[in-house]
Number of protein chains: 4
Amino acid sequence: MIVVIKPQTTKEEIMKLKEKLESPLCSVQIIEGVSQTILGIVGDTSTIDASVIQQNKCVEKILRVQESYKRANRAFHPEDTVIKVGDAQIGGDKFCIMAGPCSVESESQIVEIAKSVKASGATILRGGAFKPRTSPYAFQGLGMEGLDLLNIAKKETGLPIITEVMTTKYVEAVAENADIIQIGARNMQNFDLLKEVGKTRKPVLLKRGLSATIEELLMSAEYIMSEGNEQVILCERGIRTFENFTRNTLDLSAIPAIKKLSHLPVVVDPSHAAGLNWMVEPLSKAAVAVGADGLIIEVHNDPANALCDGKQSIRPEEFESLVKSLKGIAEINGKRI
Amino acid sequence: MIVVIKPQTTKEEIMKLKEKLESPLCSVQIIEGVSQTILGIVGDTSTIDASVIQQNKCVEKILRVQESYKRANRAFHPEDTVIKVGDAQIGGDKFCIMAGPCSVESESQIVEIAKSVKASGATILRGGAFKPRTSPYAFQGLGMEGLDLLNIAKKETGLPIITEVMTTKYVEAVAENADIIQIGARNMQNFDLLKEVGKTRKPVLLKRGLSATIEELLMSAEYIMSEGNEQVILCERGIRTFENFTRNTLDLSAIPAIKKLSHLPVVVDPSHAAGLNWMVEPLSKAAVAVGADGLIIEVHNDPANALCDGKQSIRPEEFESLVKSLKGIAEINGKRI
Amino acid sequence: MIVVIKPQTTKEEIMKLKEKLESPLCSVQIIEGVSQTILGIVGDTSTIDASVIQQNKCVEKILRVQESYKRANRAFHPEDTVIKVGDAQIGGDKFCIMAGPCSVESESQIVEIAKSVKASGATILRGGAFKPRTSPYAFQGLGMEGLDLLNIAKKETGLPIITEVMTTKYVEAVAENADIIQIGARNMQNFDLLKEVGKTRKPVLLKRGLSATIEELLMSAEYIMSEGNEQVILCERGIRTFENFTRNTLDLSAIPAIKKLSHLPVVVDPSHAAGLNWMVEPLSKAAVAVGADGLIIEVHNDPANALCDGKQSIRPEEFESLVKSLKGIAEINGKRI
Amino acid sequence: MIVVIKPQTTKEEIMKLKEKLESPLCSVQIIEGVSQTILGIVGDTSTIDASVIQQNKCVEKILRVQESYKRANRAFHPEDTVIKVGDAQIGGDKFCIMAGPCSVESESQIVEIAKSVKASGATILRGGAFKPRTSPYAFQGLGMEGLDLLNIAKKETGLPIITEVMTTKYVEAVAENADIIQIGARNMQNFDLLKEVGKTRKPVLLKRGLSATIEELLMSAEYIMSEGNEQVILCERGIRTFENFTRNTLDLSAIPAIKKLSHLPVVVDPSHAAGLNWMVEPLSKAAVAVGADGLIIEVHNDPANALCDGKQSIRPEEFESLVKSLKGIAEINGKRI
């Protein structure tokens, strides 16, 4: 339920109203926009009598939110959410590029790639320490050591870090060592993990599951937000279809859909979607053009010998030329890279 | 099988070689590129002894084409195919916009829309005379009368016409009255229809079936081309997936995929893909950015009262602003609108 | 719209009511069940005033049919439709097995297989004369000669024939030479073809398209029925999904769904669904158990050298053992083979 | 890699060979079948020289396993795995029926249902204590209290319990309180959870993910087995497709596929697949007929007021009649209920 506050209402009056509305069954959140303040009420609102609230002199109107996602709903938060991490910004008038290897392999590897992608225009460094692999016999990532290496690269370059966490056991460690916590596609409905990262105060990048609907993605964001962490970045990374020329089918229509339904920023992962490095450039351009807030791209200095996903990684020099090609399109869409 | 001819070989020598290779089992096609001439051999090539041909002094090298599509294969025709229709051009350095109503409803409707989309930058007029409808009780199009109305609009504006044919019975009539023949998604594997339009000498726009793979789309193009009609335009219009926020899922990765596999031009239909008029703009931008050769867009002067697909049609004024927003992106990709 | 007639109403009264209801916009059909007679009204029923009809003394109640399919709707025809072809019966208390090769190759092949499958329990002979093939260079069937060979096999065995028609051009020829006309999955929405077979008086087996919903399948049946041909047999033959161990995913839940929504009989094609001959037996058993009215199975006397689909064909001796294994399950479901 | 041992080889000789083959890189497992003993080698087998092993006099032949799943592979374990839990048996010549409510709601509810399903023929009681729900605001299950209530029902009826675990945090508690641990579809690739239940010695029922391929399901089983827990039961519960008449599309062809690729038992969940209680019976019959080893069915004494999934639950009296209808089909397939 949303209570739209009349302009010129004082903060005091708003706080009074908030207190009145709060109950053991409902929590109330004040969302201050540039031109409007609203109160978002989440919980069992069935017992609230809207006509009584309506009589309050500072109330302009009352809206019921039909969708099951409340905090992630644009109705709750009409303005775009903008997330700032160090010098990087996701959402708003900037276009954010996250880049780095699929998995952290060694100090020299991660530091070299970090320096290179920073020089080309990336503002966030990605790198996997814990790797979800289909086979138990495949390389599972360097684990805690990987987190240390990422931090060395951070010190060398100043780039904030994004890395994946796969289990509640490591949420604390990843929250301490990373600037953005990534939830992978396979864990999009690992609800305990979502709640756990919701308790941290680090931004969370939530990848869409392989066969998740847009609504389910927003419901998973709601799990994180319901624990108090409002800094959620959504990520489209391809869905599973019958087409098998590409590994997955990048659903770019999800970007305008999410923008309409939610205020959260959304980025695109063209590397995992197609699984083909030569497709990263055209798909990245399309992602910028369709209105995404950023990209997360796999860059490796030696794709042929990468410990994982070499086939979809681009080389640093390709990344440099890619970023250049995106600038003009971003500007047309009113974004700076 | 492909025979690459050495540079400086005379036309006479090439013709001699062609004759030698031809047989009741194999047809040979000469493809002259800017820098290279090749002979494409289609049919049962198993009896051809490559080592014998290799000895011919004008032969540079011989390649076997693994894919089942031959004439549609880029290996057969390394340079992009460019199709010209009146003043319009599909492929090459121009970006082509086809626009018009889902179905032709009346003279005033089609003429008014034609004038308007021409003024905004469209170079081809679309309009359905024969409509494939899920229900036998729904409006099935004006039929032959629709073709006449399209031609009135053509006379008024000079815009070439594209319209769909649904059955072999009307191929002749449509070929006579239209500049481009459209094969709809539901008929992508209506093989008799494909052969029939392959016998005409009019360009054919072939839409990808709702659950067709990229390879199957190219095989259907091959059906048309195997009858001698090389002017095929492919069209991505969304595939069927579990996601139901949009009517279908626009597969933009199909564009670079097709460009790699084939020399044929490819356009995007964002109207049918999403089924939502407010998504036409972002998806059109993405289509330009990903490297498509054109767009086919539904424009209606009165979407609320359209006889079909009103929900996905944009108004003439929205179309005008859309075309403007595409120009910059097209230029970045080296295309002119 | 459905008008349920009171018991004991005379035929004369019903005919009178029918005449009253008929108009240029609406056609009325009398459906006489064992215990109940109803009038089904198809067309633009928006102008009919239900309250006026209700006052007629022979009217029990009036129902509006929400679904877009009317004649195919169970509401229109509460009792199961049973189709009889020679000695064979599709629907009702019999379980019908259609069997034969993917394509007719020669007289000896089709006659030999026909004799063998008849001896094992098949009551209808299948065999392709016109073959829809993905590649224009693949074997396209024997055409009219194939129809002749099928008729020789019919004469030898007495088995009625089912064969596919792919284009309106051959509908007449196939209708004359076959007992059941098959519409393939790729042509499920070839609406002109549907209308054309709707004008014949031969039963039509309509295969579900690779990505067609159950509702769309019923709408395609409606196309046939709207032309006056009520003898439609539906066929589930696998849908396209991400799983690629099997060629398609057999959707057996479609059988009870169709039975609920429609009165038409429905059969299962396990051969095309899985594309794997060793899966034909378990899937056939499941089809019987789930409530299908029949099976259509590919049987070839020399699968390794079949001109098409050898990989999914079973041998005559396997077919014999298959039919035996189905009898018990059919009996449990109240059906005789 | 598989080493097939000659008949009449002594246990001592086999143990000697096993020791020889073991290394820090490879673990060796002895699989004793009725007629044959084999050694399965898992790990980095690239350094093993097969020709040297071949010379060992007790070695009949050596096979390399191409699939990424080893312990789950039928090549590793040619005979069917049979799992016994109390009086229940999953796999082999018995058909196992697990039944109970979606979620445990109260002592009287679970005890009443347990008694009823036992009387009808169920041999295992299902009931959710921890519930994965799309919305954070939906009922999440009774948690630990639910486990206690399940155990009360177990004491009353003697039925072993199966219940889901969603997070590593509760694996110990669930392993102590349940007889079979369930991993839900959404957690099929929650690899840390798989490893954790792999460390317990309780059978694990692993549900196929909504868009998981059969191969990925087997790889997830491999995760559990690679930790030493060989008692894995696979479960088909519907995959996500474009069809939306049913909630998901039950993929019954997965059953014979899994039986061919793996030795693990496989059960079917018709309740979650269709999401429609009236479809449970036909789909259950089909599951028995296609060769499944069991069913897991939602039964609720008051579906209309169930705290979750009421729409797909059947009533105890419907369950009773269902079990009766399955017996004949099971017998035909050589299974006893």
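Residues numbered from 1 in each chain as written. Chains lettered and ligands numbered in written order. Predicted model: local features only at pLDDT ≥ 70, side-chain atom pairs only at ≥ 80, totals over all residues. Heavy atoms only, no water.

For chain A, an unreviewed UniProt entry supplies the name Phospho-2-dehydro-3-deoxyheptonate aldolase AroF and the organism Clostridium cylindrosporum DSM 605.

Engineer: Where do I start with the interface of chain A and chain D in this structure?
Structural biologist: One frequent convention defines the size of an interface as the accessible area lost when the parts assemble. Chain A puts 33 residues into the contact, and the matching count from chain D is 33 residues. Of the roughly 2700 Å² buried between chain A and chain D, counting both surfaces, carbon and sulfur atoms make up 50%. On the surface where chain A and chain D come into contact, there are two salt bridges. Its salt-bridge partner being Arg-240 of chain D, residue Glu-216 of chain A comes within 2.7 Å of it at the nearest N-O pair. At the boundary of chain A and chain D, one finds 17 residue pairs in polar contact (both at pLDDT 80 or more). Contributions of two or more residues to the side of chain A that touches chain D are made by helix H6 (191–199) and helix H7 (214–225) of chain A. For the side of chain A that touches chain D, the class distribution of residues is ten nonpolar, twelve polar and eleven charged. (Contact = heavy atoms within 4.5 Å. Buried area = accessible area lost by both parts, 1.4 Å probe. Salt bridge = Lys/Arg side-chain N within 4 Å of Asp/Glu carboxyl O. Polar contact = N/O pair within 3.5 Å; in protein donor to acceptor, adjacent residues only side chain to side chain. Helix = DSSP H or I, 4+ residues; strand = E, 2+ residues; numbered from the N terminus. Nonpolar A, V, L, I, M, F, W, Y, C, P; charged D, E, K, R; others polar.)

Engineer: What is the right way to read the side chain of Asp-192 of chain D from this model?
Structural biologist: Assignment of secondary structure puts Asp-192 of chain D in helix H6 (residues 191–199). Of the buried charged residues, Asp-192 of chain D lacks a salt bridge, with Lys-169 of chain A as the closest side chain of opposite charge at 4.1 Å. If sequence neighbours within four positions are ignored, Asp-192 of chain D has contacts with Met-166, Thr-167 and Lys-169 of chain A together with Thr-168 of chain D. (Buried < 20%, exposed > 50% of the residue type's maximum accessible area, 1.4 Å probe, protein only. Lys, Arg positive; Asp, Glu negative; His and termini not counted.)

Engineer: Please clarify how the nonpolar core should be interpreted in this entry.
Structural biologist: Looking at soluble globular proteins, one finds that nonpolar side chains tend to be buried together. One finds Phe-319 of chain A, Phe-319 of chain B, Phe-319 of chain C together with Phe-319 of chain D to be the most contacted residues of the largest nonpolar core, which totals 320 residues. Sequence-distant contacts of Phe-319 of chain C, defined by excluding residues within four places in its chain, comprise Ile-97, Ala-99, Val-117, Ser-120, Ala-122, Ile-297, Val-299 and Ile-314 of chain C. (Core = buried A, V, L, I, M, F, W, Y, C linked by side-chain atoms within 4.5 Å.)

Engineer: Would you explain the pattern of salt bridges in this entry?
Structural biologist: Note that side chains of opposite charge can pair when their charged atoms are close. With the rule as written, the count across this model stands at 72 salt bridges over all chains. Glu-32 of chain B is the partner of Lys-11 of chain B in a salt bridge, and the nearest nitrogen-oxygen pair spans 3.9 Å. Taken together, the residues span a long stretch of sequence, with Lys-11 of chain B in helix H1 (residues 11–21) and Glu-32 of chain B in strand E2 (residues 26–32) at a distance of 21 residues. Just as Lys-11 of chain B is exposed, Glu-32 of chain B falls in that class too. The salt bridge involving Lys-115 of chain C is made with Glu-156 of chain C; its shortest N-O contact spans 3.7 Å. Of this pair, Lys-115 of chain C sits in helix H3 (residues 107–120) while Glu-156 of chain C sits in helix H4 (residues 144–157), and the two are 41 residues apart along the sequence. Lys-115 of chain C gets classed as partly exposed once you look at its relative accessible area, which sits at 46%. Taken together, the shared-partner salt bridges connect Arg-208, Glu-236 and Asp-251 of chain A together with Glu-243 of chain B into one network.

Engineer: Where do I start with the UniProt feature "domain: DAHP synthetase I/KDSA" (unreviewed entry) in chain A in this structure?
Structural biologist: As annotated by UniProt and renumbered to match this structure, "domain: DAHP synthetase I/KDSA" (unreviewed entry) occupies residues 87–327 of chain A. Here residues 87–327 of chain A is 38% helix and 15% strand, with 18 Å between the C-alpha atoms at its ends. (UniProt positions renumbered as here; feature names shortened; annotations may be inferred.)

Engineer: So what exactly am I meant to see when it comes to H6 of chain A here?
Structural biologist: Counting along an α-helix, one turn takes 3.6 residues, and residues three or four places apart therefore face a common direction. Here H6 of chain A has its buried residues at Phe-191, Asp-192, Leu-193, Leu-194, Val-197 and Gly-198 of chain A. Contact partners of the buried residues in H6 of chain A: helix H5 (171–177), strand E10 (180–183), strand E11 (204–207) and H7 of chain A.

Engineer: What is the right way to read the environment of Glu-298 of chain B from this model?
Structural biologist: Tracing the backbone shows Glu-298 of chain B in strand E14 (residues 294–298). A distance of 3.5 Å separates a polar atom in the side chain of Glu-298 of chain B from a polar atom in the side chain of Ser-313 of chain B.

Engineer: For this particular structure, what's the right way to read the relation of the copies chain A and chain D?
Structural biologist: Mapping between the two copies of the chain is achieved by a rotation about an axis and a shift along the axis. Mapping chain A onto chain D calls for a screw motion: a turn of 180° about the axis and a shift of 0.0 Å along it, with 0.1 Å RMSD after fitting. Those values place the two copies in the arrangement expected of a two-fold rotation axis. Among all C-alpha atoms of chain A, that of Ser-211 of chain A lies closest to the rotation axis, at 2.9 Å. Residue by residue, 100% of the interface of chain A is reproduced at the interface of chain D, so both copies engage with the same surface. (Least-squares fit on C-alpha atoms with pLDDT ≥ 70 in both.)

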